[in-house]
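The primary structure of each chain is shown beneath.
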Amino acid sequence: MAGTEQPDLEPDLEPDLEADLELLAPLTDFDAFRENGYALIDWIADYLTSLGQRPVCEPVEPGEVRAQLPVAAPQLPEPFSSVLADLDDVIVPGLAHWQHPGWFAYFPAMTSPASMLAELASAGLGVQGMIWSSSPAVTELENHVLDWLVDLMGLPEAWKTTSRGGGLLTSGASASTLIAMINGREKCRKRTGAPVEQMVVYASSQAHSSVEKGARLAGFGHVRLIDVDDEFALRPQSLAEAVSQDLVGGLSPAAAVSALGTTGTTAVDPVRGVGEVAARWGMWHHVDAAYAGSAMVCEEFRHHLAGVELVDSYTFNPHKWFATNLDCSVLWVADRVPLIDAMSIDPPYLRNEATDSGRVIDYRNWDLSLGRPFRALKLWFVIRALGAEGLRATIRRHTQWARDLSARIDGHLCLRRIAPTPFALVSFVHTAGDAATRALATAVNDTGRYFVTVSEIEGRPYIRVAIGATLTARHHVDSFWQFINESAVTLRPPEK
Ligand SMILES: *Cc1c(COP(=O)(O)O)cnc(C)c1O
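The rules we used
- Numbers given for residues are sequential positions, taken from 1 along each chain in its written order.
- It should be noted that, the model being predicted, local features are given only for residues of pLDDT at least 70 and side-chain atom pairs only at 80 or more, the latter also being counted only at that level, while totals for whole chains, interfaces and linings use all residues.
- In computing side-chain properties, one takes all heavy atoms of the structure into account and sets aside hydrogens as well as water.
- A cutoff of 4 Å decides nearness: a residue is near a molecule or strand if any of its heavy atoms lies inside that distance of it.
- Here a polar contact is recorded for every N or O atom pair within 3.5 Å, except that within protein the pair must consist of a potential hydrogen donor and a potential acceptor, and residues adjacent in sequence are included only if both atoms are side-chain atoms.
- Computed with the Shrake-Rupley method and a 1.4 Å probe, the accessible areas treat only the protein chains shown as cover for residues.
- Elements are defined by DSSP. Helices are runs of H or I of four residues or more, strands are runs of E of two residues or more, and each kind is numbered from the N terminus.
- To sort residues, take the accessible area from a 1.4 Å probe on protein chains only and compare it with the maximum for the residue type: under 20% means buried, over 50% means exposed, and anything in between is partly exposed.
- We call two strands paired when DSSP finds no fewer than two bridges between them.
- Axes, fitted as lines to C-alpha atoms, cover a helix only where it is in contact. Angles between the N-to-C directions of the axes lie from 0 to 180 degrees.
- When an angle is under 35 degrees it counts as roughly parallel; over 145 it counts as roughly antiparallel; between 65 and 115 it counts as roughly perpendicular; any other value is oblique.
- Throughout, a crossing is termed right-handed when the near helix is turned clockwise from the far one, and left-handed when it is turned anticlockwise from it by less than a right angle.
- Residues are treated as being in contact if the distance between any of their heavy atoms lies within 4.5 Å.
- Residues enter patches when their relative accessible area tops 30% and they take part in no salt bridge; the joining distance is 9 Å for like charges and 5 Å for the nonpolar side chains Val, Leu, Ile, Met, Phe, Trp and Tyr.
- Throughout this description, the term salt bridge denotes a Lys or Arg side-chain nitrogen within 4 Å of a carboxyl oxygen of Asp or Glu.
- For our purposes a nonpolar core is just a set of buried Ala, Val, Leu, Ile, Met, Phe, Trp, Tyr and Cys residues, chained together by side-chain atoms within 4.5 Å.
- The domain limits used here are those given by an automatic or database domain assignment.
- Take the accessible area each of two parts loses on contact, using a 1.4 Å probe, and add the two losses: that sum is the buried area.
- Under the scheme applied here, ten amino acids are nonpolar (Ala, Val, Leu, Ile, Met, Phe, Trp, Tyr, Cys and Pro), four are charged (Asp, Glu, Lys and Arg), and all others, including Gly, are polar.
- The positive count covers Lys and Arg only, the negative count covers Asp and Glu only, and His and the chain ends enter neither.
- Centres within 6.5 Å are what make two rings of Phe, Tyr or Trp a pair, Trp counting through its six-membered ring; a difference in plane orientation under 30 degrees is then read as stacked, over 60 as edge-to-face, and the rest as tilted.

1. As for the site of the ligand
Item 1. Close to the ligand lie 13 residues; A173, S174, D288, N317 and K320 are nearest.
Item 2. One of the side-chain N or O atoms of H319 is found 3.1 Å from an oxygen atom in the ligand.
Item 3. Contact with the protein chains hides 84% of the accessible area of the ligand, taken as 390 Å² for the molecule alone.
Item 4. Among the secondary structure elements, those contributing two or more residues to the shell around the ligand are α8 (173-192) and α12 (318-321).

So this is what it looks like as structure tokens:
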């Protein structure tokens, strides 16, 4: 278009940059930051120390929270005190309080002061750990803390970054398992050349939904959910049979997943049994220890790890039961070379000497995302604040209380446990039937003092009691027991 006259694209009005300075003060006013920050820390401490007086779940109708928010975003800066006031008036009354001492639902999301402060430190640093050279300490602390955990949890030496393997931190077990599934796919592709539509992933019928989702997202054509035994653990014999059938049918067995602590009942699949079948057919073997993995910090739980040396990848969530707030999930691989092969893309703007030297880890080549937060700071703060002994003490308390509760349930005429209690989850029903089980759970949750989940297994409802909130003390579990002990007797709705 040479020679063509350009229209004047400059706007008529010069923006008033001096006036903007006042608007921008909230970005750089660190006196205000100190004051607001101290106020917020006080607010958090007040929230947590008074939480026991609130209902576990605030009663809210759909849309009730939004109805209290202004229709449009503010045009001008608002004082921090107004935001804090709305936390009290609008947000807190719209929460289910996961940190409540009577929180027994789902799995815990156990936090700790150390973890909260680390989250703040991470936000304050505002750094990015996509590659080693983008902020070296982010990568090296992540390498180091995850190597520490290999030792602390009695896991194979080979998983350390100083050996052939290595660990990374992800947003959750779902992301960790997806990465594992991608690795399983690539391993099978290299070995068999089969198209992914013909590849099969195996897991137990009790596997977490993230396994099926990860397999689907990774493109697998087939997911087989394998029979479990009467304690809800995968039967390796059934796995072997399913694999043989698929081979006969012309499919390619690609990956097997063992659950170390299922979400339903914390059942533990036989890692060695699954590992042997996986090894026989060259499959990738992934262990999902999202919840129960934290317990491996205590030696007495490590018998569940038998066969873990046969594993290709392993995930657990410190954000469930390891005093670390969301999000923080660990994924270890026994051999990092195939992981890096599967996950690497090398754009020129990320080329650098450190990477080219091969002496550093670039986590973007291990992870789904490029940008990575400084999650290792949380684990580092938590492990240092509590020490391994402090972490063991939390796991042991919760497990002991859960076992005591199990024993009491076993001694009650109207209650029946449906599964063992290897960790700190108790699963039980009312003996009068499904309606009574549901009625008991409703009665518990209606107190506002405790919150349990009703789940279903083999088509029947049951009550899950997961003990593991930081603020839960023995007396909370005792008073919970008193409540169900009495309610179970009075509740006898007619069976259909
Ligand atoms: C909680 C859980 C998951 C999912 O973890 P996210 O971190 O929420 O993705 C996966 N597997 C098991 C066994 C779980 O208990």
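On we go.
2. Notes on the environment of D42
Item 1. Summarising the element assignment, D42 is placed in helix α3 (residues 30-49).
Item 2. Overall, D42 belongs to the partly exposed group, its relative accessible area being 48%.

3. Points about the sheet that holds strand β11 (residues 460-466)
Item 1. Strand order across the open sheet formed by 4 strands is β8-β9-β11-β10, with antiparallel pairing between neighbours. Every other strand in the sheet has two partners, leaving β8 (415-417) and β10 (453-457) as the edge strands with one partner each. Taking the axes of each pair of neighbouring strands and ignoring which way they run, one obtains an average angle of 40° across the sheet.
Item 2. The pairing of β8 with strand β9 (residues 425-430) spans 3 bridges and is classified as antiparallel. For R417, the partnering residue across the bridge sits in β9 and is F428.

4. Observations regarding the packing of helix α15 (residues 376-410) against helix α17 (residues 474-490)
Item 1. The contact between α15 and α17 brings their axes to 11 Å, and the two run at 15°. Taken as axis vectors, α15 and α17 run roughly parallel relative to one another. Between α15 and α17 the crossing geometry is right-handed. Packed against α15, whose contacting residues are W401, D404, L405, R408 and I409, the element α17 presents R474, V477, D478, F480 and W481 at the interface.

5. Focus on a nonpolar patch on the surface
Item 1. A cluster of nonpolar side chains, namely L23, L24, L27 and L76, defines an oily patch on the protein surface of about 410 Å² accessible area.
Item 2. Looking at where L76 falls in the secondary structure, it is placed in the loop between α4 (64-67) and α5 (80-91).
Item 3. For L76, a relative accessible area of 59% corresponds to the exposed category.

6. So, the nonpolar core
Item 1. Counting 73 residues, the largest nonpolar core has L149, Y314 and W332 as the members making the most contacts within it.
Item 2. If one sorts the elements of this core by residue count, α15 sits on top with 12 residues.
Item 3. Two domains each put at least three residues into this core: domain 1 (33-57 + 96-112 + 387-496) and domain 2 (127-373).
Item 4. Setting aside residues no more than four positions away along its own chain, L149 makes contact with F316, F322, V330, W332, L379 and I383.
Item 5. Of all hydrophobic cores here, the second largest spans 26 residues; its members include I182, V201, A218 and V257.

7. Considerations on the domain arrangement of the protein
Item 1. The domain architecture assigned to the protein consists of domain 1 (33-57 + 96-112 + 387-496) and domain 2 (127-373).
Item 2. Its C-alpha centre places domain 1 at a distance of 30 Å from the equivalent point of domain 2.
Item 3. With 28 residues of domain 1 at the contact, the number on the domain 2 side is 30 residues.
Item 4. Interface of domain 1 and domain 2: buried area, both sides summed, is about 2,400 Å²; carbon and sulfur atoms make up 69% of it.
Item 5. For the pair domain 1 and domain 2, the number of links is 1 salt bridge.
Item 6. Residue R396 is joined to E300 by a salt bridge in which the shortest nitrogen-to-oxygen separation is 2.7 Å.
Item 7. Viewed at the interface, domain 2 and domain 1 are joined by 10 residue pairs in polar contact (both at pLDDT 80 or more).
Item 8. Within the residue set of the side of domain 1 that touches domain 2, elements represented by two or more residues are α15, β9 and β11.
Item 9. Per element, the largest residue contribution to the side of domain 1 that touches domain 2 is 8 residues, and it comes from α15.
Item 10. Residue composition of the side of domain 1 that touches domain 2, grouped by class: 17 nonpolar, 6 polar and 5 charged.

8. Topic: unusual backbone geometry
Trans peptide bonds make up most of the peptide bonds, and negative phi angles are found at most residues other than glycine.
Item 1. Residues L326 and D327 are joined by a peptide bond in cis, for which omega reads -5°.
Item 2. Checked against the element boundaries, D327 lands in the loop between α12 and β7 (329-333).
Item 3. Its identity is not glycine, yet T266 carries a phi of approximately 60°, on the positive side.
Item 4. On the basis of relative accessible area, T266 is assigned to the buried category, the value being 0%.
Item 5. Backbone geometry places A323, a non-glycine residue, at a positive phi of 60°.
Item 6. Along the chain, A323 falls in the loop between α12 and β7.

9. A short note on the side chain of S122
Item 1. Along the chain, the position of S122 falls in helix α6 (residues 113-125).
Item 2. Residue S122 is classed as buried on the basis of its relative accessible area of 14%.
Item 3. Apart from the residues within four sequence positions on either side, S122 is in contact with V127, F374 and L377.

10. Describing the side chain of D288
Item 1. Structurally, the position occupied by D288 is in strand β5 (residues 284-288).
Item 2. Among buried Asp, Glu, Lys and Arg side chains, D288 stands out as unpaired, with K320 the closest opposite charge at 6.6 Å.
Item 3. In this structure D288 touches A173, H208, S210, V211, V257, S258, A259, L260 and T315, once residues within four positions along its chain are discounted.

11. A short note on the packing of aromatic side chains
What describes a pair of aromatic rings is the distance from one ring centre to the other and the angle between the planes of the rings.
Item 1. Taken as a whole and assessed by the stated rule, the structure comprises 21 aromatic pairs.
Item 2. Between F107 and Y291, the aromatic rings sit 3.9 Å apart at their centres with planes inclined by 5°, giving stacked as the arrangement. Residue F107 is found in the loop between α5 and α6, and its partner Y291 is found in the loop between β5 and β6 (313-316); the two are separated by 184 residues along the sequence. Of the two residues examined, F107 and Y291, each falls in the buried class.
Item 3. Measuring from ring centre to ring centre gives 6.0 Å for W159 and W332, while their planes differ by 35°; the resulting arrangement is tilted.

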